[in-house]
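# Inside the fold
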Amino acid sequence: MLLQEFRDKFSTIVRVIRPVDTELFDQLLAVMNAQVQWKTQVNNITAFRIRRSKLNKIAIVLQLKRLTSSKWLTVSWRAGCLGYRPCTYPLQSAFRQAIYYQIKNWKRQAAKPKCQYCSSREQLQVDHVQPSFSELTKQFLSSVTKAEIPLVFNYQKFGGRSFRRNNRQFRIQWCKYHKTNSTFQWLCKPCNQKKH
Ligand SMILES: [Zn+2]
């Protein structure tokens, strides 16, 4: 099942799903079966429950019960769907997502784009001239207190992250910092890969 299919299907079904709900139950079993650590345990699953995240009302939470326990266990449904890409650095992903509008604006203004290294006009990408994006995030993080750094994020459609509403101030601070301290240039994909 694709991530979006799962969302479309299960976002409205906020309840317990038992084996008697054959079609839904089997689909959820398949989602669990697609996760290596669950493969040998799917036969022990007795019920699923779909809930809403307390922190993020639109997020779907999947829970299940096993023969061996009466407790509901929260599990990942994303990891069992096609199109899922684990996000190794959620904070970096949210940083990137937050300033995407700046890159988009810059792209719009840049007339007749060409690669700054080889002048190619093919496969162009926007690159951060010094400091690099990761240096910018490091510098920014060193200017805030540890307590201010968000730990929980919203999920984006294709696996990335974004800042939550309650981290608005942090996001705005970051966007300002990025706007003041970043410079962009066009690089073609091969030159960009060589650079990084
Ligand atoms: Zn180039």
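Residues numbered from 1 in each chain as written. Predicted model: local features only at pLDDT ≥ 70, side-chain atom pairs only at ≥ 80, totals over all residues.

### So, the overall build of the chain
Tallying secondary structure elements over the chain gives 6 helices and 8 strands in all. Reading the helices (α) and strands (β) of the chain from amino to carboxyl end gives α-β-α-β-β-β-α-β-α-β-β-α-β-α. Considered along the principal axes of its C-alpha atoms, the chain spans approximately 60 × 40 × 25 Å. In the chain, the share of contacts with a sequence separation of at least 24, taken over all contacts with a separation of at least 6, comes to 59%. (Helix = DSSP H or I, 4+ residues; strand = E, 2+ residues; numbered from the N terminus. Contact = placed C-beta atoms within 7 Å.)

### Here we look at unusual backbone geometry
Residues other than glycine predominantly adopt negative phi, and peptide bonds predominantly adopt the trans conformation. Following Gln130, the chain continues into Pro131 via a peptide bond in cis, with omega recorded as -10°. Along the chain, Pro131 falls in the loop between β5 (124-129) and α4 (133-142). For Ser119, which is not a glycine, the phi torsion comes out positive at approximately 65°. Locating Ser119 in the fold gives a position in the loop between α3 (90-109) and β5. The phi dihedral of Gln123 is positive, around 45°, even though this residue is not glycine. Looking at Gln123, the number of C-beta atoms within 10 Å reads 12, which means it is exposed. (Buried ≥ 20, exposed ≤ 12 C-beta atoms within 10 Å, placed from the backbone.)

### As for α3
For the α-helix, the turn length of 3.6 residues means that residues three or four positions removed from each other point alike. For α3, built from 20 residues, the straight-helix expectation of 28 Å at 1.5 Å per residue is met to within 8% by its first-to-last C-alpha distance of 30 Å. Where α3 bends most, the angle comes to about 45°, and this point is Ile99. (Expected span 1.5 Å × (residues − 1). Bend = angle between axes of the 7 residues up to and from the residue.)

### Notes on the nonpolar core
Counting 13 residues, the largest nonpolar core has Leu28, Phe48, Ile50, Ile60, Leu62 and Trp77 as its most contacted members. Broken down by secondary-structure element, the contributors of at least two residues to this core are α1 (3-10), α2 (22-33), β2 (45-52) and β3 (60-66). Contact partners of Phe48, with chain neighbours within four places excluded, come to Ile17, Phe25, Leu28, Leu62, Gln63 and Leu64. One finds Trp186, Leu187, Cys188 and Cys191 within the second-largest nonpolar core, a separate group that totals 5 residues. (Core = buried A, V, L, I, M, F, W, Y, C linked by C-beta atoms within 7 Å.)

### Considering the sheet that holds strand β1 (residues 16-17)
Read across the open sheet, the 4 strands follow the order β1-β2-β3-β4; overall the sheet is antiparallel. Strands at the two margins of the open sheet, each flanked by one partner only, are β1 and β4 (73-75). Note that β3 and β4 share 3 bridges and pair antiparallel. By the bridge assignment, Gln63 is partnered in β4 with Thr74. Packing against the sheet, α2 makes contact with β1, β2 and β4, and its axis sits at approximately 90° to β2. (Pairing = 2+ DSSP bridges. Axes fitted to C-alpha atoms, helices over the stretch in contact; angles between N-to-C directions.)

### Describing the pairing of β2
Direction of pairing for β1 relative to β2: antiparallel, over a ladder of 2 bridges. Across the sheet, residue Val16 finds its bridge partner in β2, namely Arg49. Note: β2 against β3, 7 bridges, orientation antiparallel. Bridge pairing in β3 links Arg51 to Val61.

### Describing the confidence of the model for the chain
Mean pLDDT over the chain: 91, with 97% of residues reaching 70 or higher. Looking at the elements of the chain, mean pLDDT is at its lowest for strand β6 (residues 154-155), recorded as 84, and at its highest for β1, recorded as 98. (pLDDT = per-residue confidence, 0-100.)

### Some thoughts on the environment of Thr183
Turning to its location among the elements, Thr183 is positioned in strand β8 (residues 183-188). Judged by local crowding, Thr183 falls into the exposed class, with 10 C-beta atoms found within 10 Å. Considering only alpha carbons, one finds Thr183 and Val144, 39 residues apart in sequence, at a separation of 22 Å.

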